[in-house]
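Secondary and tertiary structure notes
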Amino acid sequence: MAPTAEHSLAIAGREVTITSADKVLFSERGETKRDLVEHYLRFAEPLMRTMGGRPVLLQRFPHGANGPSFYQKRVPKDRPDWLQTTIVSTPNGTTSQAMVVADLAHVAWAVNLGTLGFHVWPYLADDPEHTDELRLDLDPQPGTEFTQVRAAAGEVRALLGELGIVAYPKTTGNRGLHVYVRLEPRWDSYQVRAAAVAVARELERRRPDLLTAAWWKEERGTRVFVDFNQNAPHKTVFGAWSVRARPGAQVSTPLQWDDIGGTHPDDLTMASLPSRFEASGDPWEDMNQHPQSLEPLLAIHQRDRANGLMDAPWPPVYPKQPDEPPRVAPSRARKR
C-alpha cells in the first residue's frame, strides 16, 4: 500500500503538513513518519528542556533508517516563513544558516524532511559565545561490552561527585553513553574542551585498565574511550530523546545513574519508552535549574599543564592549536 499523501497537524500554533505520513521508517516494528512525529510530540516537554532554543544539524534519511543519509547544516531555501534560524560558524570561518528548535512545529517540519534524530549544538542560539553543556562521550572500542561502559559511567560519576559536579547520563542510542553537565554560561567551547580533556586524562589515570584518553585508535585497545573532542568548537552531539537510524528505532534516552546497571541501550526504543516515561518521568527534569561551575575541572587542566602535559590532539579539520602535539599516529611517527 502506498504511503498516505499527507497529514496536517496543528503544533505550537502552526499548521505542519506531514507528507507520506504512513511511510515506514523503521523496519523492525514498522514505525512510520507519523509515528516518529508523535514520538517527539509525546516527549515535548523533556525534549524542549534539552534541545529548545538550540541550533541543530539535520541528518536526513529520505528512504528511512535502512537507507542512505546526508547531513544538512543549512536549512533549505523553501522553508516556511516562521522557521527560526541562526548563523553557525566553523573554526575556519565557514558560516551556515541552521535551524533553531524554537518549538515542536520546528521538530515536526524537520521530521517531514526525513530527519530521524537531531544533532545539537552545546549553546543557546541567543548566547553563542557561551557553551553551557559539557558532554562526555563514553565510546566503547571494538571488543568492549556494555558492562564495561556501565563500569566507566560509575567512574565518571565518582570523579564528578568528588568535585561537587552534578551530571546527567543518557544512552547514545547505539553502544555507548553520554554524560552531560549543564554549565553556568561563563565559558567558551575551548575552555569546555580543555575541561573534557582533563576529565578524560584523570579517568585514565584512575582506571587505565578500563578507560582511555588516547586519541589514536591504535592506542585504545579494548577500553572505553572518553571522547573529549566532542566538545571542540562547532561539534554537535546526538540529542536526548532523539531516535537513531536503526531498524529498532532506539532512542537516546536520559537515565538516572542508578538505572544504568539494569538498562541496555538496545531495549530503549520508540515502542518501549512511553510506559517507562509514564512510570518514572524525566530523569533530567531539574537539569536546567542547577547550572554547574567548570572551575574544578579547569583546575585539573591547569595542574596537568603545570606538570608538563601538552594539549590533546584535535581532529584534522581544525586549525593547528597552540601546544598541540603532532597530528600523526604514533606508529607513523616511529616510521618517520
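Details of the structure are given in the entry above.
Here is a short report on the structure shown in this document. (Residues numbered from 1 in each chain as written. Predicted model: local features only at pLDDT ≥ 70, side-chain atom pairs only at ≥ 80, totals over all residues. Heavy atoms only, no water.)

A short note on the nonpolar core
Judged by nonpolar contacts, the single largest core of 85 residues is most densely connected at Met 99 and Phe 118. Considering every element that reaches this core, the biggest residue donor is helix H5 (residues 189-206), with 8 residues. In this structure, Leu 57, Val 88, Trp 121 and Tyr 123 belong to the second largest nonpolar core, which totals 5 residues. (Core = buried A, V, L, I, M, F, W, Y, C linked by side-chain atoms within 4.5 Å. Buried < 20%, exposed > 50% of the residue type's maximum accessible area, 1.4 Å probe, protein only. Helix = DSSP H or I, 4+ residues; strand = E, 2+ residues; numbered from the N terminus.)

Examining the packing of aromatic side chains
Per the counting criterion, the structure on display carries 11 aromatic pairs. With a centroid separation of 6.1 Å and an interplanar angle of 80°, the aromatic rings of Phe 225 and Phe 228 are classed as edge-to-face. The pair formed by Phe 225 and Phe 228 is uniform in burial state, with each residue classed as buried. These aromatic residues form a ring-pair network of at least three members: Phe 43, Trp 241 and Phe 277. Between the NZ or CZ atom of Arg 220 and the centre of the ring of Phe 225, over which it lies, the distance is 3.7 Å. (Phe/Tyr/Trp six-rings, centres within 6.5 Å; stacked < 30°, edge-to-face > 60°. Lys NZ or Arg CZ within 6 Å of the ring centre and 35° of its normal.)

Let's talk about the pairing of strand S11 (residues 168-171)
Residues of S11 alternate between two faces, with Tyr 168 and Lys 170 on one and Pro 169 and Thr 171 on the opposite face, all of them buried. Sheet topology places S11 next to strand S12 (residues 177-182); 4 bridges connect them, and they run antiparallel. Within S12, the residue paired with Tyr 168 across the bridge is Tyr 180. The loop that links S11 with its antiparallel partner S12 comprises 5 residues; one of these, Gly 173, has a positive phi angle of about 95°. (Pairing = 2+ DSSP bridges.)

What to know about the pairing of strand S10 (residues 133-140)
The element S10 is extensively covered by neighbouring structure, given that 7 of its 8 residues are classed as buried. In the sheet, S10 pairs with S12 via 6 bridges, with the strands oriented antiparallel. Considered in S12, the bridge of Leu 136 is made with Val 179. Strand direction decides the pairing type here: S10 and strand S14 (residues 224-227), joined by 4 bridges, are antiparallel. The partner of Asp 139 across the bridge, within S14, is Phe 225.

A look at the sheet that holds S14
Strands sit in the order S11-S12-S10-S14-S13 across an open sheet of 5 strands; the sheet is mixed. Among the strands making up the open sheet, the edge pair consists of S11 and strand S13 (211-212). Inspection of the sheet shows S13 paired to S14 by 2 bridges, in the parallel sense. Within the sheet, the bridge partner assigned to Leu 211 lies in S14 and is Val 224. Contacting S10, S12, S13 and S14, helix H4 (residues 146-162) crosses the sheet at an angle of about 150° to S10. (Contact = heavy atoms within 4.5 Å. Axes fitted to C-alpha atoms, helices over the stretch in contact; angles between N-to-C directions.)

Things to note about the pattern of salt bridges
In total, this model carries 27 salt bridges according to the counting rule given. With a closest N to O distance of 3.3 Å, Glu 45 and Arg 49 form a salt bridge. Remark: Arg 49 and Glu 45 occur in helix H2 (residues 44-51); sequence separation between them is 4 residues, near one turn of the helix. The class of Glu 45 is exposed, set by a relative accessible area of 54%. What makes Arg 49 buried here is its relative accessible area of 19%. (Salt bridge = Lys/Arg side-chain N within 4 Å of Asp/Glu carboxyl O.)

Observations regarding the side chain of Gln 230
Counting through the fold element by element, Gln 230 comes out in the loop between S14 and strand S15 (237-238). Engagement of the side chain of Gln 230 in a polar contact is seen with the side chain of Asp 137, the distance being 3.3 Å. In this structure Gln 230 touches Asp 137, Lys 235, Thr 236 and Val 237, once residues within four positions along its chain are discounted. (Polar contact = N/O pair within 3.5 Å; in protein donor to acceptor, adjacent residues only side chain to side chain.)

Focus: unusual backbone geometry
Look at His 234: it is not a glycine, yet its phi comes out positive at around 75°. Unusually for a residue other than glycine, Asp 323 sits at a positive phi of about 65°. With respect to the secondary-structure elements, Asp 323 resides in the loop between helix H7 (295-306) and helix H8 (330-335).

The quantities given are spatial measurements derived from coordinates; they are silent on function.
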